[in-house]
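# Topology and contacts: notes
For reference, the chains in residue letters:
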Amino acid sequence: MVLGMQPNGTAVLNKDDSRVWAMRNLAPADVVSFGTHPESQVTASSVEYNIDGSTSFQLDTLEGSTQVRLPMSGMHSVRCALAAVAVCSIFRVQIGHLQEALATAKPSQNRGRELSFKNGFRVIDDTYNSNADALIAAVASMTQHCRDAKRKLVVAGEMAELGPASKAIHFEVGQKIAKEID
């Protein structure tokens, strides 16, 4: 996609992913970086996982900084927010508007949605056509937000459409989940 850009366009690239960040050398246009890397143009710092399932962080952009409370859980949600903010920065959206918009963000149905029940019982619903990265991110979110939980359970179904490597991918994800919740 970067190679097909117009010279007057802007590439928005994740500086945390070395493969994506390497694309900056291919871009025939301007580049805006985002990520948790401290040298990103749009970045998050002081990330806190709140008991209510929200995530708070300091948002830093070229236009300024603000404290954000994202009503979604996990570092993967923060990274998605950073990507959205990076795009908005191209259009010079004011940081106050970004803060307001992020405060009302909602996950897609069946994608990382937290459900709270009586007596502190919580469920993270990530049943939307999961994949390896999404499942690992949901489990990481659970461990980040439920650090003090007496017991953590992961109920995962089959990840479809993985092709011939399906068995190996399921095994690898199982190993990563076991390490995450240990």
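Shown above is the structure to which this text applies.
Criteria and cut-off values
Residues numbered from 1 in each chain as written. Predicted model: local features only at pLDDT ≥ 70, side-chain atom pairs only at ≥ 80, totals over all residues. Heavy atoms only, no water. Helix = DSSP H or I, 4+ residues; strand = E, 2+ residues; numbered from the N terminus. Contact = heavy atoms within 4.5 Å. Core = buried A, V, L, I, M, F, W, Y, C linked by side-chain atoms within 4.5 Å. Buried < 20%, exposed > 50% of the residue type's maximum accessible area, 1.4 Å probe, protein only. Pairing = 2+ DSSP bridges. Axes fitted to C-alpha atoms, helices over the stretch in contact; angles between N-to-C directions. Salt bridge = Lys/Arg side-chain N within 4 Å of Asp/Glu carboxyl O. Expected span 1.5 Å × (residues − 1). Patch = residues over 30% accessible without salt bridge, like charges linked within 9 Å, V, L, I, M, F, W, Y side chains within 5 Å. Areas by Shrake-Rupley, 256 points an atom, 1.4 Å probe, with all protein chains shown as cover.

Attention now moves to the side chain of Ser77. Relative to the assigned elements, Ser77 resides in helix α2 (residues 75–90). In this structure Ser77 touches Leu70 and Met72, once residues within four positions along its chain are discounted.

Our next topic: the nonpolar core. Grouped together as the largest cluster of nonpolar side chains are 18 residues, with contacts concentrated most on Val42, Phe57, Leu59, Leu82 and Leu102. Sorting the residues of this core by element identifies β2 (30–35), β3 (42–49), β4 (55–61), β5 (64–70), α2 and α3 (95–103) as the ones contributing at least two each. For this core, the element with the most residues is α2, which contributes 6 residues. Residue contacts for Phe57: discarding those within four places in its chain leaves Ala44, Ser45, Ser46, Val47, Thr66, Gln67, Val68, Leu70, Val78, Ala81 and Leu82.

A few words now on the sheet that holds strand β1 (residues 10–14). The 5 strands are arranged β1-β2-β3-β4-β5 in an open sheet whose pairing can be described as mixed. Edge positions in the open sheet fall to β1 and β5, since each of these has one partner strand only. Each neighbouring strand pair of the sheet contributes to a mean axis angle of 20°, computed without reference to strand direction. Across 5 bridges, β1 lies against β2 in parallel orientation. Residue pairing for β2: Thr10 is matched across the bridge by Asp30.

This next bit is on unusual backbone geometry. The phi torsion at Ser46 lies on the positive side, around 50°, for a residue other than glycine. Its identity as a non-glycine residue notwithstanding, Arg92 has a phi of 55°, on the positive side. Note on placement: Arg92 falls in the loop between α2 and α3. Judged by its relative accessible area of 60%, Arg92 falls in the exposed class.

This part is about the pattern of salt bridges. In the structure shown here, the tally under the stated rule is 4 salt bridges. Of the charged contacts, one joins Glu39 and Lys15 as a salt bridge, the two residues approaching to 4.0 Å between their closest N and O atoms. Taken together, the residues Glu39 in the loop between β2 and β3 and Lys15 in the loop between β1 and α1 (18–21) connect sequence positions 24 residues apart. Two residues, Glu172 and Lys176, come together in a salt bridge whose shortest N-O distance is 3.2 Å. A residue pair is termed a helical-turn pair when its members lie 3 or 4 positions apart in one helix, as Glu172 and Lys176 do in helix α5 (residues 166–181) at 4 residues. Judged by relative accessible area, Lys176 falls into the partly exposed class, the value being 41%.

Let us look at α2. Spanning 16 residues, α2 covers 23 Å between terminal C-alpha atoms, matching the ideal 22 Å at 1.5 Å per step. Buried residues of α2: Met75, Ser77, Val78, Ala81, Leu82, Val85, Ala86 and Ser89, and no others.

Take the pairing of β5 next. Bridge analysis of β4 against β5 gives 7 bridges, and the strand direction is antiparallel. Across the sheet, Thr61 pairs through a bridge with Gly64, a residue of β5.

Attention now goes to a nonpolar patch on the surface. Judged by side-chain polarity, Leu3, Met23 and Leu26 come together as a nonpolar surface patch covering roughly 300 Å² of accessible area. Within the element layout of this structure, Leu26 appears in the loop between α1 and β2.

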